[in-house]
Amino acid sequence: MARVRKYKLLKGNHVKQTIAIVEDDAQQRSYYADALRAHDYIVVELEDRAQAIAAFDEKLPDLAILDIALKSDVGGGYEVCRYLKQREASLPVVFLTSRGDELDKIYGLQLGAWDYQTKPVSLEYLIVRIESFFQIKQLTSTGNNSESSNRSGELNINEKSMQCFWREKEINLTPTEFSILAKLVEVDEAVSVDELIKATHQGVVEDNTINTHILHIRKKFKKVDAAFQCIKTRYGFGYQWSCE
Amino acid sequence: MKLGARLLVFSSIFLVMLPWFGYHFIEKIESSLLQGQEEAQSMSASAIATVLNGYTGLFDIDEHALYVYPFKQSINIDGYDEDWEQLKEQFTSYANNSFSLLLANNELVNDTQYLYVYLKITDKNIIYRNPRYSSLDSSDHIRLEYIDEHGDRNRLVVVTAAQGSISVYEVKEDWTSWKNGKHVNLVYGVWRETGSGYDVEIRMPRKWLEPNRRLSISIVDVFGENERNIEDIVSTHILDNDTLNPLLFQSHEISSVLKNLSESDSQICVIDKFRRVRAVIGGQTLHASLCHAIDRVSESLVNKVLLGEEQVRRIDDEGETLIVAARPVYDGEEVIGAVLVSKNSRQILSRQRDTLNDVILATLGIFALVFISLLFFSSWLAFRINRLTKQTASLIDEKGRFISHVELSDCDRSDEIGELSRGFSALLGRLNSYTRFLETVPRMLRHEILNPVNTISMSLQNIRQRSDSDDIAIASDAIKQLQLIVSSLTEAANIDEALVQDEIDEIDIAALLSEYVDNSQLKHADARLRHIGDKSGVFVQGNDIRIVQLLDKLKDNALDFALPETEISFELDVNQDNKVIIHVKNEGEYIPQEQLDLLFQGMISRRSAKTDIPHLGIGLYVAFQIAQFHHGQLKVANRVDKQGVEVSLVLPLSV
């Protein structure tokens, strides 16, 4: 890790964050870049795996936005993600792709991506997500997680640092999963699928995407507690956090 | 009919014909054997006839000859005819049965010196010799006349005073006085009275008759006990003629000439022109014979031969075929006799039977061998075809998708099934790549469509920042619709793969449905949803999220088509077949029957322009796939009252 040079994130910082966009379509890439630059980010535009890896060897960005299919390299984005995670596990990676299959999503999230958004994206939402990721990243790196702690029975979540503990054991959730869980524990009653979709800050999301996320969240909880049963399905409506 | 079975039937028919051919072949062989035999017999008859042409003297005999039967058992001189039993039909009658006689010589080796004579005389009034009358012809008597070795005529008188041994005297020409007064002891006989007269059995030395072999026998009947006059004389020869009857023995000369030609199973028979058998050689094993113990042969065949025609005939006799070849024997131009060569077909037939047996055995053997080979071969073929069927079937699931690519087992063989396997393999390979291509189409399409959609979407977002036209909102909505179309297409294309990943648990479908209907009512406040049936305790194996996904599709469908203010019912029912049925009914549009069956096939939509959301009919396709994944069925039908549509989901209960 000695070779890794990165920008230190400071409170009330004036240091610009670097975002790498790996996207083979020049037009889309330039739209993302323009939108991000307008929000004062330094943007590095890269069009394929080779170019991306060469650039990252030189210098790692603070956040990476990856398309999965890069020209004829159908899984190129995954490989770039894997490379980045090897270099720095805590680096936020956002997949932004036209591949919306559940299997693709699962794979992407398993690789350690913070988010998986399917095209078409709302540039507004994208900016909001990226800003929140930088905040999370700053909070986790500074270790300041005592604030905004929210307890719900044996669950302990920190919305700012996006950390989640179940019976004192940390559960590693992706930001999207964390948003869903936070929405569920916010109220005592059931939360509709539509509300959960809104909470994920994504454009058009199918019901089934939420189902997939819920399944993943349940699995992650069951890993540390096999008897975990607190996320209840409310058939025809949505889900409810209830440990009774 | 299966290939193996067809092969079996054809070869069986062919095999059945083999023995038939064999049988006909054997018949041909039999007929040619018999023909060959006929020819052989004809040739030997001709040969014998030719040989006998040189012995013309043997046939030179008178019609009045006395035939001496060859006799093969010893004869006891007792006046009874029991010893003569086998020849009793052969007595020769003279003068209206006033007497009949039979001569025999014994062919037994140690008894060839005698000639035996048996006489049966009809005489109501027997006059015995009385010593008062010195004349030898003063009683009923028998005269024997023969030519001795010096050529002199000798006369013997046989008389008796009572039943019993006879007295024989040599007499002078007048037949009344004896020559030397001595009793001829070498001639021995017995006189016995019978109901109709008397029988006399006489034995005399044969050598007396050689070499001239002439003998005449006369019966003299005397009338009156006192008068003693000769009333009648019946003789074997014509009394006015001095010639005595020649004696006709079966010819030893001919026999010895022909002996070497004889066989045990064939008989050579030589007859004279009066059809008297002159020699019989061989034929001991023959059941029937033209010459057997018969002095005259009375077949039409013989008539023709004696007329000079060569003859070959087959005579059926008690199931056996007797082949007779006959050739005339000539003396110059004149036919003096004939040679008959008989052989029965028993030997030929037994050979034929043996051959037939061999053929049958061989055929049966070949039959069995071919049958077993065919059975083995057809089983092997059937096994290979079945294996191919199973392997081919195992490559593809019930929806026609490839499960795995296995090399078909007969691909390396050079026969037709190998070719078929290779054909299948190639076909399946092409099908597989095509299916794979088709499977990638939605994903590819999604990728290819969503990228430009994304560009358009972002352009619109940028434009919106600068102006606030309605057109931008319309374009944004259109983009969202496009995105929905693509995502539902992808959902349908990937539903099978996604389903396979799902975990299966036991779920309470009644509780799920009840909760689902309640929650959906909350979600769709303006609709009237109603749950009918049990609220818990009905279990099925499945994935609850998928069931909900399915119910969502049915609910969306019902909501789209329900008339405003009408009720949509979700009815749960358990039938006797351990199936749970969920009926989703709505009031509204009626679906034409021909559309009903197509509804689950995807891309078929009956949706009218009621909603502005695009619809491809994919919802019901996905629902159908989920139902199948749960080993269930999804049926759609118009309600009986034709007031709307009813969709039924049938799922097996958890065991």
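The rules behind each value
Residues numbered from 1 in each chain as written. Chains lettered and ligands numbered in written order. Predicted model: local features only at pLDDT ≥ 70, side-chain atom pairs only at ≥ 80, totals over all residues. Heavy atoms only, no water. Helix = DSSP H or I, 4+ residues; strand = E, 2+ residues; numbered from the N terminus. Buried < 20%, exposed > 50% of the residue type's maximum accessible area, 1.4 Å probe, protein only. Contact = heavy atoms within 4.5 Å. Areas by Shrake-Rupley, 256 points an atom, 1.4 Å probe, with all protein chains shown as cover. Phe/Tyr/Trp six-rings, centres within 6.5 Å; stacked < 30°, edge-to-face > 60°. Pairing = 2+ DSSP bridges. Core = buried A, V, L, I, M, F, W, Y, C linked by side-chain atoms within 4.5 Å. Salt bridge = Lys/Arg side-chain N within 4 Å of Asp/Glu carboxyl O. Buried area = accessible area lost by both parts, 1.4 Å probe.

### Comments concerning the overall build of chain A
Part 1 of the argument: Looking only at helices and strands, chain A has 8 helices and 12 strands in total.
Part 2 of the argument: The 244 residues of chain A split such that 55% are buried.
Part 3 of the argument: For chain A, contacts bridging at least 24 residues in sequence account for 57% of all contacts bridging at least 6.
Part 4 of the argument: If you sum the accessible surface of chain A, you get close to 11,100 Å²; carbon and sulfur atoms cover 49% of it.

### What to know about the overall build of chain B
Part 1 of the argument: Secondary structure summary: chain B contains 10 helices and 26 strands in total.
Part 2 of the argument: Each of the 655 residues in chain B was classed as buried or not, and the buried ones make up 46%.
Part 3 of the argument: A total accessible area of about 34,300 Å² is found for chain B, and carbon and sulfur atoms account for 53% of it.

### Description of the packing of aromatic side chains
Part 1 of the argument: Following the criterion strictly, the structure yields 23 aromatic pairs over all chains and no others.
Part 2 of the argument: Arranged with centres 4.6 Å apart and planes meeting at 90 degrees, the rings of Tyr78(A) and Tyr107(A) form a pair that is edge-to-face. Highlighted residues: Tyr78(A) in helix H3 (residues 76-87) and Tyr107(A) in helix H4 (residues 102-110), separated in sequence by 29 residues.
Part 3 of the argument: Taking relative accessible area as the criterion, Tyr107(A) reaches 33% and is therefore assigned partly exposed.
Part 4 of the argument: With a centroid separation of 6.3 Å and 70 degrees between ring planes, the pair formed by Tyr516(B) and Phe570(B) is classed as edge-to-face. Taken as a pair, Tyr516(B) in helix H7 (residues 509-523) and Phe570(B) in strand E23 (residues 567-574) lie far apart in primary sequence, 54 residues in all.
Part 5 of the argument: With relative accessibility at 0%, the residue Phe570(B) sits in the buried group.
Part 6 of the argument: In textbook terms, an aromatic cluster arises when at least three aromatic residues are bridged by ring pairs, as seen for Tyr78(A), Phe95(A), Tyr107(A) and Tyr116(A).

### Some words on the pairing of E23(B)
All names here are of chain B.
Part 1 of the argument: Where strand E21 (residues 528-532) meets E23, 5 bridges bridge the pair, whose relative direction is parallel. Bridging from a neighbouring strand, Arg528 pairs with Glu567 of E23.
Part 2 of the argument: Bridge count for E23 against strand E24 (residues 579-587) is 6 bridges, and the pairing is antiparallel. Paired with Val574 across the strands is Val580, a residue of E24.
Part 3 of the argument: The loop that links E23 with its antiparallel partner E24 comprises 4 residues; one of these, Asn578, has a positive phi angle of about 60 degrees.

### Remarks on the environment of Ile360(B)
All names here are of chain B.
Part 1 of the argument: One can find Ile360 in helix H4 (residues 346-395).
Part 2 of the argument: The exposure class of Ile360 is partly exposed, given its relative accessible area of 42%.
Part 3 of the argument: Separated by 341 residues in the primary sequence, Ile360 and Pro19 place their C-alpha atoms 6.9 Å from one another.

### So, the nonpolar core
Part 1 of the argument: Grouped together as the largest cluster of nonpolar side chains are 50 residues, with contacts concentrated most on Leu181(A), Phe221(A) and Trp241(A).
Part 2 of the argument: A per-element tally of this core places helix H5 (residues 123-142) of chain A first, with 7 residues.
Part 3 of the argument: When sequence neighbours within four positions are dropped, the list of residues in contact with Phe221(A) reads Leu155(A), Cys164(A), Trp166(A), Ile171(A), Leu181(A), Phe228(A) and Trp241(A).
Part 4 of the argument: The next biggest cluster of nonpolar side chains, apart from the first, holds 44 residues, and it includes Val540(B), Ala562(B), Ile591(B) and Leu596(B).

### What to know about the pairing of strand E8 (residues 163-166) of chain A
Residue and element names in this part refer to chain A.
Part 1 of the argument: The pairing of strand E7 (residues 155-158) with E8 spans 4 bridges and is classified as antiparallel. Paired with Asn158 across the two strands is Gln163, which belongs to E8.
Part 2 of the argument: In the sheet, E8 pairs with strand E9 (residues 169-170) via 2 bridges, with the strands oriented antiparallel. Paired with Trp166 across the two strands is Lys169, which belongs to E9.

### A short note on the pattern of salt bridges
Part 1 of the argument: A full pass over the atoms with the stated rule returns 30 salt bridges over all chains.
Part 2 of the argument: Lys220(A) is the partner of Glu177(A) in a salt bridge, and the nearest nitrogen-oxygen pair spans 2.8 Å. Within this pair, whereas Glu177(A) is found in helix H6 (residues 175-186), its partner Lys220(A) is found in helix H8 (residues 207-224), the two being separated by 43 residues in sequence.
Part 3 of the argument: The buried category is assigned to Glu177(A), whose relative accessible area is 1%.
Part 4 of the argument: By relative accessible area, which is 26% here, Lys220(A) ends up partly exposed.
Part 5 of the argument: A salt bridge links Lys585(B) to Glu571(B); the shortest N-O distance between them is 3.4 Å. One end of the pair, Lys585(B), is in strand E24; the other, Glu571(B), is in strand E23, and 14 residues separate them in sequence.
Part 6 of the argument: Judged by relative accessible area, Glu571(B) falls into the partly exposed class, the value being 22%.
Part 7 of the argument: Taken together, the shared-partner salt bridges in this structure form one network comprising Glu23(A), Asp67(A) and Lys119(A).

### Details of the interface of chain B and chain A
Part 1 of the argument: Taken together, the contact between chain B and chain A spans 34 residues of the former and 32 residues of the latter.
Part 2 of the argument: When the two sides are added together, the surface that chain B and chain A hide from each other amounts to roughly 3,000 Å², 52% of it contributed by carbon and sulfur.
Part 3 of the argument: When residues of chain B are sorted by the area they lose upon contact with chain A, Met458(B), Gln483(B) and Ile545(B) head the list and together hold 19% of the total.
Part 4 of the argument: In this assembly, chain B and chain A are joined by 1 salt bridge.

### What about the sheet that holds strand E11 (residues 231-234) of chain A?
Residues and elements named next belong to chain A.
Part 1 of the argument: The strand order across the open sheet built from 3 strands is E10-E12-E11, with neighbouring strands paired in antiparallel fashion. A single partner strand is all that each edge strand has here, and the edge strands are strand E10 (191-192) and E11.
Part 2 of the argument: For E11 and strand E12 (residues 238-241), the ladder comprises 4 bridges, and the chain directions are antiparallel. In the strand pairing of E12, Arg234 is matched with Gly238.

None of this, on its own, says anything about what the molecule does.
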